[in-house]
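An overview of the molecular structure
Spelled out from the first residue to the last, the chains are:
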Amino acid sequence: MMRGALSDITKAVGHTPIVKLNRVTEGLASDIYVKCEYLNPGGSHKDRVGINMIREAEAAGLKPGGTIVEATSGNTGAALAMVAAIKGYKCVFVMPDKMSQEKISTLRAFGAKVVVCPTAVEPEDPRSYYQVAKRIAEETPNCFYANQYHNQANPNAHFLSTGPEIWEQCGHELDVFCTGMGTGGTISGVGKFLKSKKPDIKMVGVDPVGSLYYDFVKSQRITKPFSYKVEGIGEDFFPSTMNLNIIDEIIRVDDKECFLMTRDLVRLEGLFVGGSGGAAVAGAIKYAKASGRKENILVLMPDGASKYISKIFNDEWMRENGFLEEEKGLGTVRDLLAGKPATSVLTVSADAKVHEVISLLKSHGISQLPVLEGTRLRGMVQEVDLLRHLVQGKGTLDSSINDLVESDYATVTPATKVELLKGVLSDAKIAIVLEKEAVVGVVTKIDLIDFLARKATPAAV
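Structural notes, computed from the coordinates. This one's a predicted model, so the numbers in the text were calculated from it and none came from an experiment. (Residues numbered from 1 in each chain as written. Predicted model: local features only at pLDDT ≥ 70, side-chain atom pairs only at ≥ 80, totals over all residues. Heavy atoms only, no water.)

A word on the overall build of the chain
Helix and strand counts for the chain come out as 15 helices and 16 strands. In summary, the chain has a C-alpha radius of gyration of 24 Å against a globular reference of 23 Å for 461 residues, a match within 12%. Along the first, second and third principal axes, the C-alpha atoms of the chain reach 85 × 55 × 55 Å. Partitioning the intrachain contacts of the chain with sequence separation of at least 6 by distance along the chain shows that 68% fall at a separation of at least 24. Counting only carbon and sulfur atoms, one obtains 53% of the accessible surface of the chain, whose full area is about 20200 Å². Measuring between centres, the 54 positive side-chain charges of the chain sit 2 Å from its 56 negative side-chain charges. (Helix = DSSP H or I, 4+ residues; strand = E, 2+ residues; numbered from the N terminus. Rg over C-alpha atoms; globule rule 2.2 N^0.38 Å. Contact = heavy atoms within 4.5 Å. Areas by Shrake-Rupley, 256 points an atom, 1.4 Å probe, with all protein chains shown as cover. Lys, Arg positive; Asp, Glu negative; His and termini not counted. Charge placed at Lys NZ, Arg CZ, Asp CG, Glu CD.)

Shown next as structure tokens:
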């Protein structure tokens, strides 16, 4: 073979550069760097995962001419399709309908069959892309179901490849590794390796508003997930490939923060990255501002911007969804709270007595209360739970409410758009408003209706 040539394109995976951010990080004590995984030949960090998954599948018995099936947001599919093209495997990919057309077209360009499923269904729903992929795999002979959410070849790929590469590039100078949280493969695999070399290195996960991870890490409560626009990060269930114990800090970002930062990274830093990269950098900046320390922070850039031209880089799409500054929309949760009576937020502690909570609900004419453990949100107690407790006779008025705390709520921030809040309250009974982990408000459906009615009144007069 000619000197300097590679035997096939998979040998070009890895060895991606690390680049310092300059303009978007002005004023920070920390230095923030990005690892440009979008420069892998298949377009993302998932190239490492695809190679490892198929290597292990072949070792487990996948025969030539077989079929690879996967539920994917696009990048894992592209990685698997690239390897499959070289090895002669067929591919069937199942995707949620929120994914960009570019991602769907990319997979079809590799010759894969793509099945599109609705996003707004529960993971257990037979129409969900998880369940459809599983069914297709069961019905297909000589099939490898990649199952990135439960296949340990996913985090192992980053333990064997990404982690060692980062350590070779950065060594002990690296203080913080920051990445978006999706399947968990990246933060779990990279984190395991880096902590084996430097135990005090910090792993910072970034999670979008609407995903389950943030609330669970902060309060150990499984709250109601709801839809969001950013692709490739966040989950509405818990993959077994995610090791939450390795995470030292979790930062939450919303769609608008993700997309505006993505556009800034392209226009101010020359980094042609996608929405999950923008999310990770936005989260890293939040972390750096909160810590105020002088640290070296490395952020992983999962994929490139070309898959999002019709969305993030389309001004019309951004305006339609209220993500550009000139689009005022319906306002934010902060605006809604400002229109409510100026009273402090009522909360109770987890060791409060049933009779104390009933008295509070009755005297204030409300039907639910946030429950705190110290200063942190533990969950919610509602009048229906108190009623059930008394009717069933399992406790008394002097019993603690500890066992009655439940999770049928979602959490938002004061900056959450009202348009997003409407979707939240269609999935959850109530929204608890958190600012720097403190409960600053409670929003119910009637609060939202009242806010929208007051906004509509001037136009109706």
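Concerning the sheet that holds strand E16 (residues 438–443)
Read across the open sheet, the three strands follow the order E14-E15-E16; overall the sheet is mixed. Taken across any chain shown, the strands that pair with only one partner, and hence form the sheet edges, are strand E14 (410–412) and E16. Each strand of the sheet is rotated relative to its neighbour by a mean of 35 degrees, with strand direction disregarded. In the sheet, E14 pairs with strand E15 (residues 431–435) via three bridges, with the strands oriented parallel. (Pairing = 2+ DSSP bridges. Axes fitted to C-alpha atoms, helices over the stretch in contact; angles between N-to-C directions.)

A closer look at the sheet that holds strand E3 (residues 67–71)
Read from one edge of the open sheet, four strands run E5-E4-E3-E6, paired in parallel fashion. The two strands at the open ends of the sheet, each matched to only one other strand, are strand E5 (113–117) and strand E6 (143–145). When strand polarity is set aside, the average angle formed by the axes of neighbouring strands in this sheet is 15 degrees. As judged from the five bridges shared by strand E4 (residues 90–96) and E5, these two strands associate in the parallel manner. Across the sheet, the residue bridging to valine 92 is lysine 113, located in E5. Sheet strands in contact with helix H2 (residues 75–87) are E3 and E4, and its direction is about 175 degrees off that of E4.

Description of the environment of glycine 374
Considering the arrangement of structural elements, one finds glycine 374 in the loop between strand E12 (368–373) and strand E13 (376–382). On the basis of relative accessible area, glycine 374 is assigned to the exposed category, the value being 66%. The sequence separation of glycine 374 and leucine 324 amounts to 50 residues, and the corresponding C-alpha distance is 38 Å. (Buried < 20%, exposed > 50% of the residue type's maximum accessible area, 1.4 Å probe, protein only.)

Observations concerning empty space enclosed by the protein
Within this structure, the stated rule accounts for four cavities of 30 Å³ or more. Taken as a whole, the largest cavity holds about 90 Å³ of empty space. In terms of lining residues, the largest cavity is bounded by Tyr214, Asp215, Lys218, Ser219, Arg376, Leu377, Leu434 and Glu437. For the lining of the largest cavity, the elements supplying multiple residues, two or more each, are helix H7 (213–219) and E13. (1 Å grid on protein atoms, 1.4 Å probe; cavity = no way out; pocket = protein on both sides within 12 Å on 5 of 7 lines; lining within 4 Å. Points joined across faces, edges and corners; volume = space filled by probe spheres on them.)

Quick look at unusual backbone geometry
Peptide bonds are, in most cases, trans, and in most cases residues other than glycine have a negative phi. Of note, the phi angle at asparagine 142 is positive, near 45 degrees, even though the residue is not glycine. Within the secondary structure, asparagine 142 is located in the loop between helix H4 (129–139) and E6. With relative accessibility at 35%, the residue asparagine 142 sits in the partly exposed group.

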